[in-house]
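Residue-level structure breakdown
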Amino acid sequence: MTISVWPDNKPLDVAAIRDLPEGERAEQLKLVAKQVRRLVVQMIDIARAGHIGGDLSVTDALVTAAFGVLNISPETADDPGRDRLILSKGHCAAALYSVLALRGFFPVDDLETFMKPLSKLNGHPNRLKVKGVEANTGPLGHGLPIGVGSAVASKLSGKNWQTFVFTGDGELQEGSNWEAAMTAAHRKLDNLVVIVDRNRLQQGARTEDTASLDPLADKWASFGWEVAEIDGNDTAALLKAFTQNRNGKPLAVIANTLKGKGVSFIEDRVEWHHKVPSKEQVELALKELA
Amino acid sequence: MNAHSSVSNETFDCRVAFSEKLIALAEADPRIVAVCNDSVGSSNLNAFRDRFPDRLINVGIAEQNMVGVAAGLANGGFIPFVCAAGPFLSGRATEQVKADVAYSNYGIVLCAMSPGMAYGELGPTHHSIEDLSWMRAIDNLDVLVPADPEQTKAAMDWAVKSGRPIYMRVGRHKVPSVTPADRDVAFTFGKIDVTGDGSDVALVATGTLVSRALEAQAILAAEGILARVLNVSTIKPIDAETIIKAAKETKGLVVAEEGVLEGGLGAAVSMTLSENHPAKAKFLGVTSFAPTGSNDFLLEHFGLTAKGIADAARKLVG
């Protein structure tokens with residue numbers, strides 16, 4: 001089985017997207033997001049494992065940040081002043097790996113090794129094995145403190161890079177996030193953005209039936225953050241939020257998303273946290289993502 | 001020639017040497033920063049803060065965040081010295097130490113201030129007696145226990161030079177200098193410093209227990225029992241060669257540490273012996289949650305004294 005990407009084998013020039021005018025950029029990002037979703041489904045099909053629901057919900061935000069806003073490329077992977085993209089919801093590694101492969105950090109074909117014995121593409125990302133991975137996440141609530149440290153380092157070094165941290169919503173039940181939220185606001189880290197993948201589902205149930213998070217925007221605002229609440233599956237809205245004025249504060253983007261976005265029978269269903277689609281379902285999913 | 005150098009009455013709080021050295025290192029290397037959890041005073045960082053206000057990152061009472069922030073700083077090119085009371089650094093932030101520091105392979109120096117039972121009367125919640133076990137269990141994390149101010153400073157030099165993930169105890173309980181005058185460097189990573197070549201018994205000690213082992217060596221010498229003292233300042237990786245040599249050349253070993261026996265120095269020595277040269281040994285440590293009392297009182301309570309070590313040695317060779 002081989003991974004297929006880009007219809008008619010006509011790849012987009014993903015490196016050029018960042019320089020396009022905003023409207024055009026959003027349209028191109030949609031195309032990239034669709035490819036990432038196709039890759040995620042194929043990876044999970046081959047591995048017969050993975051976290052498909054969260055991968056598909058976070059895709060648009062990841063793609064918008066990585067291809068539309070941040071200075072992230074294989075050429076600058078070791079540049080001390082590069083922007084940092086931290087996937088705190090590390091179980092959605094398939095989405096991150098797909099983004100990195102499309103950006104040229106490693107061959108797209110390597111995605112076929114996802115979770116295979118001795119693969120560099122572990123079920124959770126490892127910075128020492130995969131260029132472009134900034135943090136070894138997996139246990140939840142780790143990415144934001146690391147992001148805060150990165151944002152402090154950015155100011156202290158005078159290199160002024162951006163740090164984007166992607167968290168789940170259920171993940172915000174971990175207290176370490178709120179410790180970090182206090183530090184970020186206290187230190188006025190306006191170079192730090194947290195994107196909450198607000199799909200309202202966690203592994204076992206709806207967040208609001210487990211340990212409710214609402215009113216979530218108010219929580220971040222009360223901690224001293226600038227807040228944007230948007231449609232997190234809309235690349236234009238994401239672009240706007242990522243580049244908005246932060247008023248000297250760290251920015252929390254509450255990205256309202258659908259878990260499983262893009263595949264009708266997976267969308268917004270708790271059982272698809274890490275369920276693996278059957279071969280028939282994979283075909284159906286790829287048809288929907290064509 | 002093999003008689004131990006007598007232990008001085010003058011004693012030192014290793015945190016003083018630590019803070020002086022940290023400032024010196026920071027002056028020489030702009031990458032060095034301090035990260036702490038509202039522990040500026042207890043970590044003796046006031047002078048550092050005055051000298052480098054921007055390079056002291058005090059995250060407040062939030063240890064998980066503290067270690068994560070250090071990882072982010074390391075990602076951004078800095079060398080963080082994370083300074084916090086041992087029990088909270090090792091206990092509250094264990095997962096961050098594992099994932100964000102060791103598994104991520106960052107050059108971060110986790111400085112466990114006031115370890116062991118330094119907080120005496122504050123009780124077992126504030127005693128850091130499990131830390132060596134917990135930290136030893138984490139792959140790719142070096143575990144250091146300097147025994148005096150000279151070793152503390154030399155270990156810090158090593159930490160910066162090596163760029164390794166390191167957990168290091170920084171003692172508060174006052175100890176005499178135990179570094180022999182003829183040593184070129186007070187601390188050599190991965191090497192046990194041996195005092196004497198006594199062939200009756202080996203006294204294997206770390207941190208606060210090293211000076212007590214040296215005192216025990218003198219007590220035993222007066223009775224005609226010849227001991228050698230092994231100062232283990234690198235707990236992990238353990239210097240197996242020196243331990244095996246001591247086992248081969250003596251009738252047994254007494255191992256003493258200010259910590260629990262399940263997983264610390266004693267366990268490291270025990271595994272080394274079992275696999276290489278089974279020998280008689282007696283392990284001294286903190287065997288229960290402590291009652292109320294000062295650090296000195298509690299060391300006495302658990303038999304972690306020169307007398308306790310000498311008693312164990314006599315039984316072993318007797």
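Residues numbered from 1 in each chain as written. Chains lettered and ligands numbered in written order. Predicted model: local features only at pLDDT ≥ 70, side-chain atom pairs only at ≥ 80, totals over all residues. Heavy atoms only, no water.

You'll find chain B entered in an unreviewed UniProt entry as Transketolase, with Neorhizobium huautlense given as the organism.

Under the annotation held in an unreviewed UniProt entry, chain A carries the name Transketolase and is attributed to Neorhizobium huautlense.

Attention shifts here to the overall build of chain B. Looking only at helices and strands, chain B has 12 helices and 14 strands in total. For chain B, whose C-alpha radius of gyration is 19 Å, the value lies close to the compact-globule estimate of 20 Å for 318 residues. Dimensions of chain B along its principal axes, counting C-alpha atoms only, are 60 × 40 × 35 Å. Counting the 318 residues in chain B, one finds 61% classified as buried. Here the contacts in chain B between residues at least 6 apart in sequence split such that 77% fall between residues at least 24 apart. By element, 52% of the accessible surface of chain B is carried by carbon and sulfur atoms, the whole surface being about 11900 Å². The averaged location of the 36 negative side-chain charges in chain B is 3 Å from the averaged location of its 28 positive side-chain charges. (Helix = DSSP H or I, 4+ residues; strand = E, 2+ residues; numbered from the N terminus. Rg over C-alpha atoms; globule rule 2.2 N^0.38 Å. Buried < 20%, exposed > 50% of the residue type's maximum accessible area, 1.4 Å probe, protein only. Contact = heavy atoms within 4.5 Å. Areas by Shrake-Rupley, 256 points an atom, 1.4 Å probe, with all protein chains shown as cover. Lys, Arg positive; Asp, Glu negative; His and termini not counted. Charge placed at Lys NZ, Arg CZ, Asp CG, Glu CD.)

It is the contact of helix H4 (residues 143-157) of chain A with helix H3 (residues 63-75) of chain B, at a shortest axis distance of 6 Å, that shows an interaxial angle of 45°. With respect to H3(B), the axis of H4(A) lies oblique. Crossing handedness for the pair H4(A) and H3(B): right-handed. Every residue of H3(B) that contacts H4(A) at A:Pro145, A:Ile146, A:Val148, A:Gly149, A:Ser150, A:Val152 and A:Ala153 is listed here: B:Asn65, B:Gly68, B:Val69, B:Ala71, B:Gly72 and B:Leu73. Split by residue class, the contact of H4(A) with H3(B) holds 8 nonpolar, 5 polar and no charged. (Axes fitted to C-alpha atoms, helices over the stretch in contact; angles between N-to-C directions. Parallel < 35°, antiparallel > 145°, perpendicular 65-115°, else oblique. Left-handed = near helix turned anticlockwise from the far one by under 90°. Nonpolar A, V, L, I, M, F, W, Y, C, P; charged D, E, K, R; others polar.)

What follows deals with the UniProt feature "domain: Transketolase N-terminal" (unreviewed entry) in chain A. Per the UniProt entry, the sites bearing "domain: Transketolase N-terminal" (unreviewed entry) are residues 31-275 of chain A in this numbering. Helix makes up 36% of residues 31-275 of chain A and strand makes up 12%, while its end C-alpha atoms are separated by 26 Å. (UniProt positions renumbered as here; feature names shortened; annotations may be inferred.)

What follows is about the nonpolar core. Within the largest apolar cluster, 72 residues are counted, with the highest numbers of intra-cluster contacts made by A:Leu192, A:Trp220, A:Trp225, B:Leu73, B:Leu89, B:Ile108 and B:Leu110. For this core, the element with the most residues is H3(B), which contributes 7 residues. No fewer than three residues from each of domain 1 (11-176) and domain 2 (193-317) of chain B sit in this core. Aside from chain neighbours lying at most four places away, what touches A:Leu192 is A:Leu144, A:Gly147, A:Val148, A:Ala151, A:Thr163, A:Val165, A:Ala184, A:Trp225, A:Arg246, A:Pro250 and A:Leu251. If you look at the next biggest cluster of nonpolar residues, it comprises 71 residues, including A:Ala66, A:Val108, A:Val263 and A:Phe265. (Core = buried A, V, L, I, M, F, W, Y, C linked by side-chain atoms within 4.5 Å. Domains from an automatic or database assignment.)

Here the focus is the domain arrangement of chain B. Residue and element names in this part refer to chain B. Segmentation of chain B into domains returns domain 1 (11-176) and domain 2 (193-317). Measuring from the centre of the C-alpha atoms in domain 1 to the corresponding centre in domain 2 gives 25 Å. Counting residues at the interface gives 28 residues for domain 1 and 33 residues for domain 2. With both chains or domains summed, domain 1 and domain 2 bury close to 2300 Å², and 60% of this area falls on carbon and sulfur atoms. Summed over the three residues of domain 1 that lose the most area to domain 2, namely Met117, Arg136 and His173, the buried surface amounts to 30% of that side. On the surface where domain 1 and domain 2 come into contact, there are 0 salt bridges. The interface formed by domain 1 and domain 2 holds 17 residue pairs in polar contact (both at pLDDT 80 or more) in total. Taken together, the elements giving at least two residues each to the side of domain 1 that touches domain 2 come down to helix H6 (131-136), strand S6 (142-144) and strand S8 (175-176). Counted by class, the side of domain 1 that touches domain 2 contains 15 nonpolar, 7 polar and 6 charged residues. (Buried area = accessible area lost by both parts, 1.4 Å probe. Salt bridge = Lys/Arg side-chain N within 4 Å of Asp/Glu carboxyl O. Polar contact = N/O pair within 3.5 Å; in protein donor to acceptor, adjacent residues only side chain to side chain.)

Annotation from UniProt places "domain: Transketolase-like pyrimidine-binding" (unreviewed entry) at residues 12-177 of chain B. Note that residues 12-177 of chain B is 42% helix and 19% strand, and that its end C-alpha atoms are spaced 8 Å apart.

Bringing the sheet that holds strand S12 (residues 234-236) of chain B into the picture now. Residues and elements named next belong to chain B. The strand order across the open sheet built from 7 strands is S3-S2-S4-S5-S7-S6-S12, with neighbouring strands paired in mixed fashion. With partners counted over all chains shown, the strands left at the sheet margins are strand S3 (56-58) and S12, one partner each. Averaged over neighbouring strand pairs, the angle between their axes works out to 20° when direction is ignored. (Pairing = 2+ DSSP bridges.)

The first and last C-alpha atoms of helix H1 (residues 14-28) of chain B sit 21 Å apart over 15 residues, in line with the 21 Å expected at 1.5 Å per residue. Taken as a whole, H1(B) has its buried residues at B:Cys14, B:Arg15, B:Ala17, B:Phe18, B:Ser19, B:Lys21, B:Leu22, B:Ile23, B:Leu25 and B:Ala26. (Expected span 1.5 Å × (residues − 1).)

The subject of this paragraph is unusual backbone geometry. The peptide bond linking A:Asp214 to A:Pro215 adopts the cis configuration, its omega dihedral lying at 0°. Here A:Pro215 shows up in the loop between strand S3 (192-198) and helix H6 (216-222). Between B:Lys236 and B:Pro237 the backbone carries a cis peptide bond, its omega angle lying at 0°. Even without glycine at this site, A:Arg48 takes up a positive phi of about 55°. Mapping A:Arg48 onto the fold places it in the loop between helix H1 (22-47) and helix H2 (52-69). A positive phi angle, close to 55°, is found at A:Asn247, a residue other than glycine. Looking at where A:Asn247 falls in the secondary structure, it is placed in the loop between helix H7 (235-242) and strand S5 (251-256).

Our focus in this paragraph is the pairing of strand S2 (residues 32-36) of chain B. All names here are of chain B. Among the 5 residues of S2, 5 are classified as buried, and the element is accordingly described as predominantly covered. Covered by surrounding structure in S2 are Ile32, Ala34 and Cys36 together with Val33 and Val35, the residues of both alternating faces. Relative to strand S4 (residues 79-85), S2 runs parallel, the two being bridged by 5 bridges. Considered in S4, the bridge of alanine 34 is made with phenylalanine 81. Here S2 pairs with S3 via 3 bridges, running parallel. In the sheet register, cysteine 36 faces S3, and the bridge partner there is asparagine 58. Read from S2 through helix H2 (residues 46-51) to S3, the crossover connection turns out right-handed. (Right-handed = clockwise from strand over helix to strand, strands pointing away.)

Residue and element names in this part refer to chain A. Scanning all chains against the criterion turns up 9 aromatic pairs over all chains. Their ring planes at 50° and their centres at 4.9 Å tell us that tryptophan 178 and phenylalanine 223 sit as a pair that is tilted. With tryptophan 178 in helix H5 (residues 175-186) and phenylalanine 223 in the loop between H6 and strand S4 (226-231), the pair connects residues that are 45 residues apart, well separated along the chain. Residue phenylalanine 223 is classed as partly exposed on the basis of its relative accessible area, which comes to 28%. Between the aromatic rings of phenylalanine 265 and tryptophan 272, the centroid separation amounts to 6.0 Å while the plane-to-plane angle is 65°, which identifies the pairing as edge-to-face. Chaining the aromatic ring pairs together yields one cluster made of Trp178, Trp220, Phe223 and Trp225. Taking NZ or CZ as reference, arginine 84 lies 4.0 Å from the ring centre of tryptophan 161, over its face. (Phe/Tyr/Trp six-rings, centres within 6.5 Å; stacked < 30°, edge-to-face > 60°. Lys NZ or Arg CZ within 6 Å of the ring centre and 35° of its normal.)

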